[in-house]
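Single-letter residue listing:
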Amino acid sequence: MESFGQLFTRHGGDRDTDHCYGRIYDRLFPAGRRPLVKDVLDIGQPAGWRALAGAFPQALIEGWNANPVSIGEDRIITRVVDATSPPASDQTYDLIVDDGSHVLADQAATLRCLWDRLKPDGVYVIEDIQPHTNASEIIRRAGISEDPDCHHLELDLRHVRGHFDDRLLLLARVPVAERLGPIRVLFASHELTLSGAPILLATLIERLGGIAPTVYSPSDGPLKNRLLRAGIPVTHDLDLRNTDVIVANTIVSCPAVEAAIRAGIPLVWMIHESDPSLFPQHGWAAGLLPHAFRTVFPCHSSAASYAPYCQASSEVISLRVPPPPCPDRASERVRARSRLGIGEEFVILTVGSIEPRKGQSDLVRIAADLPAKIFVVGRVLDHGEVAGAPGNVVIVSETDSPGDYYAAADLYVCCSRIEAFPLTVMEAASHGLPVVATPVYGVRDQVHEDHHGVYYPPGDTEELKKKIRRIIADPAWRASVSRPMDHLPDYAESLRRLGAIIAEAAGHGLPPRPVTGRPRVVWHVAGMGNWREGVTEQLRSLKRSGLTSVTATHVGEAPRWLLDEAARHGIDLLLCQHEDDLGHHETLAMRLVERIAAMTDDPILYFHTKGVSEPGSLNKAMWRRLMQRQVVERWRENIAALAGHDVVGVNWWNGDENHFSGNFWMARAGWIRGLPDFARYHAQNSWGRYACERWIGSVPGARALSLVCHDRKFWVDGVPQG
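Quick summary incoming for the structure in this document. All of these numbers come straight from a predicted model, not from anything done at the bench.

**Notes on the overall build of the protein**
Okay, step 1: Tallying secondary structure elements over the protein gives 29 helices and 28 strands in all.
Okay, step 2: Its C-alpha radius of gyration of 29 Å places the protein within 12% of the 27 Å reference for a compact globule of 722 residues.
Okay, step 3: Seen through its C-alpha atoms, the protein measures out along the principal axes to roughly 90 × 75 × 45 Å.
Okay, step 4: Sequence-distant contacts in the protein: of pairs separated by 6 or more residues, those separated by 24 or more amount to 68%.
Okay, step 5: When the accessible area of the protein is evaluated, it comes to approximately 28500 Å², of which 51% is carbon and sulfur surface.

**Some words on the pattern of salt bridges**
Okay, step 1: As enumerated under the stated definition, the model contains 48 salt bridges in all.
Okay, step 2: Here arginine 520 ties to aspartate 602 by a salt bridge, and the two come within 3.5 Å at their closest N and O atoms. Remark: aspartate 602 occurs in the loop between α23 (587-599) and β24 (604-608) and arginine 520 occurs in strand β21 (residues 520-527); sequence separation between them is 82 residues.
Okay, step 3: A relative accessible area of 10% places aspartate 602 in the buried class.
Okay, step 4: A single network of salt bridges, built from pairs that share partners, joins Arg15, Asp42, Asp99 and Glu127.

**What about helix α16 (residues 423-430)?**
Okay, step 1: Within α16, 7 of the 8 residues are buried, leaving the element largely enclosed by the surrounding structure.
Okay, step 2: Of the residues making up α16, those classed as buried are Leu423, Thr424, Val425, Met426, Glu427, Ala428 and Ala429.
Okay, step 3: Packed against the buried residues of α16 are α8 (196-207), β15 (347-351), α15 (403-408), β18 (411-414), β19 (435-437) and α17 (443-446).
Okay, step 4: After α16 finishes, the residue glycine 432 shows a positive phi value of roughly 80 degrees.

**Here we look at the nonpolar core**
Okay, step 1: Core analysis: the biggest nonpolar cluster contains 65 residues, and Phe187, Leu349, Tyr412 and Ile502 have the highest contact counts within it.
Okay, step 2: Take this core: its biggest share by element is 7 residues, from helix α20 (residues 491-505).
Okay, step 3: Dropping the residues within four chain positions of it, isoleucine 502 is found in contact with Ile183, Val185, Phe187, Leu208, Ile211, Val245 and Val247.
Okay, step 4: Within the second largest apolar cluster, 51 residues are counted, among which are Ala256, Ala259, Leu574 and Ile696.

**A short note on the sheet that holds strand β4 (residues 93-98)**
Okay, step 1: Spatial strand order, β3-β2-β1-β4-β5-β7-β6: 7 strands in an open sheet with mixed pairing. Of all the strands in the sheet, the pair left with one neighbour each is β3 (76-80) and β6 (151-156). Geometrically, the sheet is characterised by an average inter-axis angle of 15 degrees between neighbouring strands, direction not taken into account.
Okay, step 2: As paired strands, strand β5 (residues 118-126) and strand β7 (residues 167-172) are joined by 4 bridges and run antiparallel to one another. For tyrosine 124, the partnering residue across the bridge sits in β7 and is leucine 171.
Okay, step 3: The strands that helix α4 (residues 104-114) touches are β1 (39-43), β2 (60-65), β4, β5 and β7; relative to β5, the one it contacts most, it runs at about 170 degrees.

**Focus on the layout of surface pockets**
Okay, step 1: Size it by volume and the second largest pocket reaches roughly 890 Å³.
Okay, step 2: Contributing elements (two or more residues each) for the lining of the second largest pocket: α8, β15, β18 and α16.
Okay, step 3: Ranked by residues supplied to the lining of the second largest pocket, first place goes to α8 with 5 residues.
Okay, step 4: A breakdown of the residues in the lining of the second largest pocket according to their chemical character gives 21 nonpolar, 14 polar and 9 charged.

About the criteria used
- Residues numbered from 1 in each chain as written.
- Predicted model: local features only at pLDDT ≥ 70, side-chain atom pairs only at ≥ 80, totals over all residues.
- Heavy atoms only, no water.
- Helix = DSSP H or I, 4+ residues; strand = E, 2+ residues; numbered from the N terminus.
- Rg over C-alpha atoms; globule rule 2.2 N^0.38 Å.
- Contact = heavy atoms within 4.5 Å.
- Areas by Shrake-Rupley, 256 points an atom, 1.4 Å probe, with all protein chains shown as cover.
- Salt bridge = Lys/Arg side-chain N within 4 Å of Asp/Glu carboxyl O.
- Buried < 20%, exposed > 50% of the residue type's maximum accessible area, 1.4 Å probe, protein only.
- Core = buried A, V, L, I, M, F, W, Y, C linked by side-chain atoms within 4.5 Å.
- Pairing = 2+ DSSP bridges.
- Axes fitted to C-alpha atoms, helices over the stretch in contact; angles between N-to-C directions.
- 1 Å grid on protein atoms, 1.4 Å probe; cavity = no way out; pocket = protein on both sides within 12 Å on 5 of 7 lines; lining within 4 Å.
- Points joined across faces, edges and corners; volume = space filled by probe spheres on them.
- Nonpolar A, V, L, I, M, F, W, Y, C, P; charged D, E, K, R; others polar.

Structural data, given as C-alpha cells:
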C-alpha cells in the first residue's frame, strides 16, 4: 500500500512537496485503518482529492471548492461550496480537511459549521496555518473551546523544509495523541558494543515514553541482545520508511545523518565527542551539523567546541545514569566481592575501552607501588596501554554486567585525555565511589574537586600516585570526597527534556498556549573592552532577578571564561554559538532569537553587553544599567504588559525605523515569528550592525510599550534616571 507521501507526490499538489504532511496522515491512518474510512470531506484542490481516494479504497471523497471543478471519477463528488457557510446537511465524515483559504477567520467559521459533522472517531485537519495565527484562536472563534469533547494538537513542521506555513491543527473527539500513536523514532548507533555511547543510548531508549523505537546499526554487537530482550527492534538496514524522527548517536553516525537529511526527516544528533577536530569524521560532520533540528551535547565545553557548526540549534542535556538497583551498598559490596572472588583488599577500578585516549597506562605504570588490587575493564584496542602490567592489575574484557565491579570497588580512576561526559564517572558516583580524574572537558562539570573526588594532571603519574595513596590511607577524607553528584540534573528531568526535543522534531511541541510565566532569555556577549566587568554586572542582575537559565551567543575572546563566570554566579548558561570575529556584532543573537521564537510561544527577553566597546564612557554604562533595571530586573511586570503589547523596552523610536534605542527588549514569540527572515533583512539593508537593533520594529503596526521615555537621543542628551 502506498504511503500518503507517495500518493500526494504522484497526484501533484503541495501536501508533500512544499509541505511535509504525508507522515502525519500515515500516523493518523495506518494501513489497517484505511479501509474503515467511508466518508471524507476535503476543502481544497483536485490533486488532494485524488490522493485521498487512493489512500481510502472504500471511501466516498467529497471535494469542495469555491469554483466549479470537473474531475470525472466515480468515488469523488465535487461541489461548489462556500465552506464558511455551507448548506445544512446530515452527512457526517471520518475525515474533514480544511485546505481552503488559510485565513484565520475563514478557518474558524468553517470549523464552527462543520464540527458537528465529524463522526465520534473522526479527525478534523486544518492545514497551512499562517505564521501570525495562534491555533487556539481558531478554536476560540469557532465557539468550541469549551466543548469537553474537543481535543486538539498543533503540529509545527516548519523546521523540516523551511516552508513558512507548515503547520497543522488536528482536532478530534478523543485525545489526538491517541489517534496519532507514538512517534516513530529510528535511533542510529555506529556500533552495538558495550561502550559508553551505545550503552547510554540503550538506557535512554528503554526509558523514553511516547515513542515507537527502532535501532539501526551497521554492525552487530553484544548490546543487540539487550535491546531485543527489551522488545526494541534492531536492524542493520538503513530503511527510513515509517520514520518520523532520526536520533543519531555520536559524530561517527554521519552516514545515517546524511540519509536523514536527504530524506527530509527531522534529525536529533547526540554528540558525545568532546572536540570535533580530534575525529576523522570532523570535516564530514561539520557540513552536516547545521542541518540538524537539534544537536544535543552532554556538557557546555563540548557545546562550545561545536558552536561554529551548530548555529542556534544546540542544547546541553547532562544525562545521569539511573541509580543502582540496590540501595544497600554495604551488603551489595559483600555479595559483589564474593561473586568476583575478592577479599578485603582495597580495590581500584577503571572502566573504558583500553586505548591512548583513555590513558589507562598512567594507572598501570604506578600499580606496583599501590597497596591495592586494580581492575581495568574494557575492550583492549591498544595493548600498549596495559603492557607490562604487574600482578595486582587484572584486565577484564568488556562485560555487560559491570555493576559487580563498581559495587566491589573502593575508588574509581579516570585517566582520560579526551572525554566529553563519561558515563563511567557517573556510574562510579552512583555507587558511592570517590573519583580521581583528569580535569578534561565535561569531567569538570561532573567532578567538583574535594566534593566528588580529586584531580591530577594527565600523565602526571607521581601526582596520581600521591592522590590514590592518600585516599587509601585516610578513610575520613575518602568519605568526604565521595559525595553524590546532586548538582547534575535529575535523570527523569533529562529524559523529559530529550523526549520534548524528539516531540518538537516530530512537530508536536506543546498544545497552543498563551504567554506563560517566564521568558526565554537570550544574551549576546561581546568579548572586548571592559567586557568582563560588564558580564559580571549582568550576571549579578540575572541572579537577583531569578533568571538563572540563559541562552547566549558570544563574539571575541575567552568564551571559556564566560561559561566559568556564569557557573560561578549560579547561572545555567547555554552558549549556542561563538565566533572570534567581532564583526558579527549581534547577528548571531538575532538568528538565535528567530529560531527560539519558531519553537515556543513563551516571550523572549533579549539583552547584550551594551557599552563594553567604550570602557571609558560613563554614559554608556548608565544606559546599560537603566535598560537592565527596566527590562531584565522588572521582567515580571513586562510579561504582564505583553497581554496588550507586542514588544516592551526602553526608549522606543517611532518613524520609518521603529526600534528600541539600545536594543534591550521583551517580545511575544508570535510577533517575532512575523518579522522578516533576519538573514535576508540584514543582507538587504545597508545599516550594518544597526540592522540588529531595527529588526524588532521592521514590521509596521507594532504595539510597543516604551518604558521611561521615547524618541530620546541618549548618546547626546544623556541618560535619565529610571
